[in-house]
Amino acid sequence: MTPAEVSTPSDQEVLIKRSFDAPASLVWRAYTEPALMRRWLTAIPGWSMPVCEMTTDVGGQYRWRWRDDANGVEFGFTGEMLEVETHSKIVHTQVYDPGTMGGSMGDGASIITVTFAEADGITNVATSIKFASKADRDAAISTGMTDGMEMSYKQLDEVLAEI
């Protein structure tokens, strides 16, 4: 599949679009089943995802944590599911937990909207991240976030081919 397309539709938003050669039901599973998420959401070599806990009902909570296995540095995200439409849409809050890595992605929660649209066996995923401010958006982009997302998406391509 072609690499993700990244745009900034407003001063507070980042929009990432990526297609996957799999039906929406499989892509949905990869986004909502912790065992599958661990297989693709840690595509950066040398990093693992020791914590991947989530409930995908409205009001459900999640907690994701990554670790640099060489030095033990960790960071993560927490949030709450705001809207869930099976196989088509997930909306959740996201709060950065700097752990031992440090850094900041702003003080407020971001709102993440992920949509899944299938056509002819290809699922188009659009991820909109709305930050609390332009400064928060720019800080997140400066971390290389979108490059890391594409690395994970390449890993997701492989996982989807196996399930």
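To start, this report covers the structure provided alongside it. (Residues numbered from 1 in each chain as written. Predicted model: local features only at pLDDT ≥ 70, side-chain atom pairs only at ≥ 80, totals over all residues. Heavy atoms only, no water.)

To continue, consider the layout of surface pockets. Of the volumes computed, that of the largest pocket is approximately 940 Å³. Forming the boundary of the largest pocket are 36 residues, of which Leu 41, Trp 66, Phe 77, Met 145 and Met 149 lie nearest the centre. Breaking the lining of the largest pocket down by element, the ones donating at least two residues are helix 2 (34-40), strand 3 (47-54), strand 4 (61-68), strand 5 (74-85), strand 6 (89-97), strand 7 (110-119), strand 8 (122-130) and helix 4 (145-162). Ranked by the residues each element gives to the lining of the largest pocket, the list is headed by helix 4, at five residues. Looking at the lining of the largest pocket residue by residue, the class counts come to 25 nonpolar, eleven polar and no charged. (1 Å grid on protein atoms, 1.4 Å probe; cavity = no way out; pocket = protein on both sides within 12 Å on 5 of 7 lines; lining within 4 Å. Points joined across faces, edges and corners; volume = space filled by probe spheres on them. Helix = DSSP H or I, 4+ residues; strand = E, 2+ residues; numbered from the N terminus. Nonpolar A, V, L, I, M, F, W, Y, C, P; charged D, E, K, R; others polar.)

Our next topic: unusual backbone geometry. Phi is positive for His 87, close to 70°, though the residue is something other than glycine. Inspection of the secondary structure assignment puts His 87 in the loop between strand 5 and strand 6. Despite not being glycine, Asp 120 shows a phi value in the positive range, around 55°. Turning to its location among the elements, Asp 120 is positioned in the loop between strand 7 and strand 8. Its relative accessible area of 83% is what places Asp 120 among the exposed residues. (Buried < 20%, exposed > 50% of the residue type's maximum accessible area, 1.4 Å probe, protein only.)

The complete set of buried residues in helix 3 (residues 134-142) reads Asp 136, Arg 137 and Ala 140. On an axial view of helix 3, the arc spanned by its buried residues comes to 100°, and they lie on one face. Turned more than 90 degrees away from the buried face of helix 3 sit Ala 135 and Ser 142, all of them exposed. Backbone geometry just downstream of helix 3 places Gly 144 in the positive-phi region, at approximately 85°. (Arc of directions from axis to C-beta.)

At their nearest, the axes of helix 1 (residues 24-32) and helix 4 sit 11 Å apart, and the two run at 120° to each other. Classed by the angle they form, the pair helix 1 and helix 4 counts as oblique. In this structure, helix 1 meets helix 4 at a crossing whose hand is right-handed. Across from Leu 26, Val 27, Ala 30 and Tyr 31 in helix 1, the residues of helix 4 making contact are Tyr 153, Leu 156 and Leu 160. A per-class count over the contact of helix 1 with helix 4 returns seven nonpolar, no polar and no charged. (Axes fitted to C-alpha atoms, helices over the stretch in contact; angles between N-to-C directions. Parallel < 35°, antiparallel > 145°, perpendicular 65-115°, else oblique. Left-handed = near helix turned anticlockwise from the far one by under 90°. Contact = heavy atoms within 4.5 Å.)

Here we come to the environment of Cys 52. Secondary-structure assignment places Cys 52 in strand 3. With residues near it in sequence (within four places) discarded, Cys 52 still touches Pro 34, Met 37, Arg 38, Arg 63 and Trp 64.

On to the pattern of salt bridges, then. The full count for this structure, using the stated rule, is eleven salt bridges. Note that Arg 137 is salt-bridged to Asp 138, the shortest N-O span being 2.8 Å. Given a relative accessible area of 8%, Arg 137 falls into the buried group. For Asp 138, a relative accessible area of 29% gives the class partly exposed. Within the structure, one salt-bridge network assembled from shared partners comprises Arg 65, Arg 67, Glu 74 and Asp 97. (Salt bridge = Lys/Arg side-chain N within 4 Å of Asp/Glu carboxyl O.)

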